[in-house]
Amino acid sequence: MISNVQERILKLKKERDVCVLAHSYMSEEICEVADFTGDSYALSVKAASARQKTVVMCGVRFMAETVKMLSPDKKVILANPQAACPMAEQMDKELISELKKSYPGYAVVAYINTTAQLKTIADVCVTSSSAVKICRALPQKDILFIPDINLGSYIKKMVPEKNIALVSGGCPTHARMEKRDALAAKAAHPGALLLVHPECRPEVTQLADYVGSTTGIMDFAVKSEAEEFIIGTENSIVQHLQFKCPDKKFYPLSKDMVCHNMRLTTLCDVLNCIEGKGGEEIIMPPELIAQAVKCIEKMIELGG
Ligand code: 13P
Ligand code: SF4
């Protein structure tokens, strides 16, 4: 059932020519009013082609920055200014510039969960759903992958023909899961398939029946003939899947799979942004955009 706040959002966004983009981790009520919901890769592609002049991004800061870089003429608003991905802030440009000196000739491949500053020294960006394809397609054999050691380990396994150097960053929400958590969930639900995000540790992904992005996990579960699934990513995906597939059963890998930053944005934040009373407009220096957007455009070229 559509609530009053949702009705106001739907009416106002039409009147004011606003596009609402929501990452898959957003709540069901936000996804219901969004023009598009998806994983980081799909959101980047969608942002580049949105026809509206204003975009409200419901997700975390690097996602709103990505939208701004791909559409610098649009007004881009981060729905909740406090929502930031801790992994994106783990490494700065100076640290990686210094590290690059030890890896001459290596392609620097950056997870999209990074700051715009860091993107200026990357050769290409990747998301969880495009990383394997893009690393395979790169002409360089030697790759320095930053900052997620778990996603990097997964790419290393899937692309053994490349020489991939890793650094030790990662997502606090996914990296918290250990082998014993996966084994406990499997023991509690012996008939269920385990679907996990590649930000999980290798000891967890090794036990999985499917490894993929948030959209990948949802598509797999919807299409699968299996009836029970353990979901190894942010627990909002458990709820979305339960709505999509009421006849199937979904269990969280752990009750601790919660990203507090992704949980910050509320439906009222979205309304406030459209009414011009909230959110934060993303302002970035044109020179920074010009430098940082190159690796995002390269990602879309190689990942499509
Ligand atoms: P996706 O690439 O699946 O959107 O993942 C983004 C993310 O932040 C996962 O924690
Ligand atoms: Fe960042 Fe992890 Fe939250 Fe995704 S789940 S936004 S990678 S902290």
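Everything discussed here concerns the structure shown above.
The numbers attached to residues start from 1 for each chain and follow its sequence in the written order. Each chain gets a letter, beginning with A, and each ligand a number, beginning with 1, in the order they are written. In view of the model being predicted, local features appear only for residues whose pLDDT reaches at least 70, and side-chain atom pairs are presented and counted only at 80 or more, with totals across whole chains, interfaces and linings using the full set of residues. The basis for the side-chain values is all heavy atoms of the structure; hydrogens and waters are excluded.

Turning our eyes to something else, we now look at the nonpolar core. Within this scheme, the nonpolar core is defined by two criteria: the residues are buried Ala, Val, Leu, Ile, Met, Phe, Trp, Tyr or Cys, and they are joined through side-chain atoms within 4.5 Å. Burial classes: relative accessible area under 20% of the type maximum marks a residue as buried, over 50% as exposed, and values in between as partly exposed (1.4 Å probe, protein chains only). Ranked by size, the top nonpolar core spans 110 residues in total, and within it Val56, Cys58, Phe145, Ile231 and Leu253 carry the most contacts. A run of H or I in DSSP becomes a helix once it reaches four residues, and a run of E becomes a strand once it reaches two; helices and strands are each numbered from the N terminus. For this core, the element with the highest residue contribution is helix 15 (residues 286-303), accounting for eight residues. Contacts are assigned to residue pairs that have any heavy atoms within 4.5 Å of one another. Every residue in contact with Cys58, bar those within four places of it in the chain, is listed here: Val20, Leu21, Ala22, His23, Met26, Ile30, Ala79, Thr265 and Val270.

Let's shift gears to the packing of helix 1 (residues 4-15) against helix 14 (residues 267-274). As a rule, the C-alpha atoms of each element are fitted with a line to give its axis, helices using only the stretch in contact, and angles between N-to-C directions run from 0 to 180 degrees. Packing of helix 1 against helix 14 leaves a shortest axis separation of 10 Å and a crossing angle of 30 degrees. With respect to helix 14, the element helix 1 is oriented roughly parallel. The chirality of how helix 1 crosses helix 14 is left-handed. Residues Val5, Gln6, Arg8, Ile9, Leu12 and Lys13 of helix 1 form the contact with helix 14, whose own contacting residues are Leu267, Val270, Leu271 and Ile274. Throughout this entry, Asp, Glu, Lys and Arg are counted as charged residues, while Ala, Val, Leu, Ile, Met, Phe, Trp, Tyr, Cys and Pro are counted as nonpolar. The remaining residues, Gly among them, count as polar. Its residues placed into classes, the contact of helix 1 with helix 14 shows seven nonpolar, one polar and two charged. Any angle from 65 to 115 degrees is called roughly perpendicular, while one under 35 is roughly parallel, one over 145 is roughly antiparallel, and all others are oblique. Left-handed describes a crossing whose near helix is turned anticlockwise from the far helix through less than a right angle; right-handed describes the clockwise counterpart.

The amide bond that connects Ile146 to the next residue, Pro147, takes the cis arrangement and shows omega of -15 degrees. Mapped onto the fold, Pro147 is located in the loop between strand 7 (142-146) and helix 8 (149-158).

Our focus in this paragraph is the pairing of strand 5 (residues 107-111). For strand 5, the tally of buried residues reaches five of five residues, placing the bulk of the element in the interior. Residues Ala107, Val109 and Tyr111 point to one face of strand 5 and Val108 and Ala110 to the other, with burial holding for every one of them. The pairing criterion for strands is at least two bridges between them, as found by DSSP. Across four bridges, strand 5 lies against strand 7 in parallel orientation. Looking at strand 7, one finds that Ala110 is bridged to Ile146. By the bridge criterion, three bridges tie strand 5 to strand 6 (residues 124-126) in an arrangement that is parallel. Paired with Tyr111 across the bridge in strand 6 is Val126.

We call a residue near a given molecule or strand whenever any one of its heavy atoms falls within 4 Å of it. Inspection of the region around ligand 1 gives His23, Tyr25, Asp39, Ser40, Asn113, Ser128, His174, His197, Glu199, Ser213 and Thr214 as its neighbouring residues. Ser128 places a side-chain nitrogen or oxygen 2.6 Å from an oxygen atom of ligand 1. Note that accessible areas follow from Shrake-Rupley with a 1.4 Å probe, and for residues the cover is restricted to the protein chains shown. Relative to its unbound accessible area of 300 Å², ligand 1 is 96% covered by the protein chains. In the shell around ligand 1, the residues fall into one nonpolar, eight polar and two charged. Counting of polar contacts relies on pairs of N or O atoms within 3.5 Å, with two restrictions inside protein: one atom must be capable of donating a hydrogen and the other of accepting it, and residues adjacent in sequence are counted only when both atoms are side-chain atoms.

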